[in-house]
Amino acid sequence: MIERLTVIGTGLIGGSLGLAWAQRQPEITIVGHDRPEVLERAEERDAIDEKAADPLSAVADTDLVVLATPLATTVRLLDTIADALPEGCFVTDVASVKEPVLDQAADVLPDHATFLGGHPMAGAEHSGIDHADPLLFENAVYSLCLPEDTDEAALDEGLAPLVELIEATGSRPLVLDAPRHDRLVAATSHMPQLLSVALVNLVATTEDDADRDLALQLAGGGFRDMTRIASSPFDVWRDVLVGNERAIHDALSRLRRGLRTLRNRLIEEDLDALEDAFDEARTARDAMPRDSKGFLHPLSDVYVRAPDEEGVIHELSGHLLDADLNIKDIELQTIREGTGGTFRLAFETAGDAEEAVAVLSAAGYEARRP
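Every chain's residues receive numbers from 1 upward, in the order its sequence appears when written. Confidence filtering applies because this is a predicted model: local features only for residues at pLDDT of at least 70, side-chain atom pairs given and counted only at 80 or more, and all residues used for totals across whole chains, interfaces and linings. Working from all heavy atoms in the structure, the side-chain values ignore hydrogens and water.

As recorded in an unreviewed UniProt entry, the chain goes by the name Prephenate dehydrogenase, listed as coming from Salinibacter ruber. Taken verbatim from the UniProt record of the chain, the Pathway (unreviewed entry) comment is "Amino-acid biosynthesis." UniProt positions are given in the numbering used here, feature names are shortened, and annotations may be inferred rather than shown by experiment.

Now the structure itself:
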């Protein structure tokens, strides 16, 4: 049983974990360690119950240590806290690159501590405790990476208290081995960051100042959606790009080949081949896990047309709450100022989705299943 846990690093991710656990597991005491000013803010926001001045005192008498720090700091901290870990303590992390962390944990942690690699696939454009959110992990994939000598059955046995605590954040655990995880996130997480930076800089570095300013004005929803994460600070990504360099290089090479193929088809005016590329991309995009598929339990979608009015989301969710329907995921897909937009609402079952359509239609909304 986990009665006392320690979060080292109470920024966006660590602070959000603290907030989620404080709300959903209030019986657990949460100890935090970070810079003094960050700890003060974390305590003000009720993300932690106690402050620790240093890593060693932070892990004393704890049942779980969560390392919510940049990759290089996480690797270093594993060595720092190793000799101070209590008997039977769990240790986990949230780094987006897993091989270096699992290798270090295997090298330095004592036998009486149990390690489980973790990576919540959630975040925001802005970092820091002031942007922490207890709902940040709701319905997000939370990758779990076991040490090489640990059987997956341990997740239902010795590691069960830690897995249950992770599930309490509202996330959806997904078990992956570390090399596979790092290879996949290179393409699905690290590459989008680099591409977002490159795409914004494509416009921002236009030599003609007038063209640059006009291009930024012309940038529509598609450009904004694709480049949202370009606002991420580099210090968040520095360790990731170095720690997963090989997999990122491989992904960049594959992308370069793909762009070269598209360029050649354009030169050849081979519209049939370009149409095939569009079709393949659309098919793959439609099969993303939020709907059907992938490794996760499928969700059932409902599309709702809603006016561009203050409080519309509150009203929508209120109708569904009154009907005991739980929204598992929500996305605003399109909107024009003054005309309204379309929301995608995801539900646990097809039956819930059908009932949601009926409830929202009765309330006067245009609601449909895909």
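A.B. asks: A description of the pattern of salt bridges should follow, citing residues and the corresponding values.
C.D. replies: A pairing counts as a salt bridge when a side-chain nitrogen of Lys or Arg comes within 4 Å of a carboxyl oxygen of Asp or Glu. On inspection of all chains with the given rule, the structure shows 15 salt bridges. Measuring nitrogen to oxygen at the nearest pair gives 2.9 Å for the salt bridge that ties Arg4 to Glu50. Residue Arg4 is found in strand β1 (residues 4-8), and its partner Glu50 is found in strand β3 (residues 50-51); the two are separated by 46 residues along the sequence. Note on classification: 1.4 Å probe, protein chains only; a residue is buried when its accessible area is under 20% of the maximum for its type, exposed when over 50%, partly exposed between these limits. Using a relative accessible area of 32% as the deciding quantity, one classes Glu50 as partly exposed. Each member of the salt-bridge network shares a partner with another, and the members are Glu40, Glu43 and Lys51. Helix and strand labels come from DSSP, where a helix needs a run of H or I of at least four residues and a strand needs a run of E of at least two; each type is numbered from the N terminus.

A.B. asks: Outline the pairing of strand β6 (residues 114-120), supporting the account with residue identities and numerical values.
C.D. replies: Taken across its seven residues, β6 has six buried, putting it largely inside the fold. Paired strands are those between which DSSP finds at least two bridges. Where β6 lies against strand β7 (residues 141-145), four bridges are found, and the strand directions are antiparallel. Its bridge partner lying in β7, Pro120 is registered against Tyr142.

A.B. asks: Account for the packing of helix α4 (residues 71-81) against helix α5 (residues 99-108), with residues named and values stated.
C.D. replies: Axis angles are defined between N-to-C directions and span 0 to 180 degrees, where every axis is a line fitted to C-alpha atoms and, for a helix, only to the segment in contact. Two numbers describe how α4 lies on α5: the axes approach to 9 Å, and their chain directions differ by 10 degrees. Regarding the angle of α4 to α5, the classification is roughly parallel. Of the residues in α5, those in contact with Leu71, Thr74, Val75, Leu78 and Asp79 of α4 are Pro100, Val101, Gln104, Ala105 and Val108. Residues are sorted three ways: Asp, Glu, Lys and Arg are charged, Ala, Val, Leu, Ile, Met, Phe, Trp, Tyr, Cys and Pro are nonpolar, and all the rest, Gly among them, are polar. A breakdown of the residues in the contact of α4 with α5 according to their chemical character gives seven nonpolar, two polar and one charged. Our angle categories are set so that under 35 degrees counts as roughly parallel, over 145 as roughly antiparallel, 65 to 115 as roughly perpendicular, and the remainder as oblique. Contacts between residues were defined by any pair of non-hydrogen atoms, one from each residue, lying within 4.5 Å.

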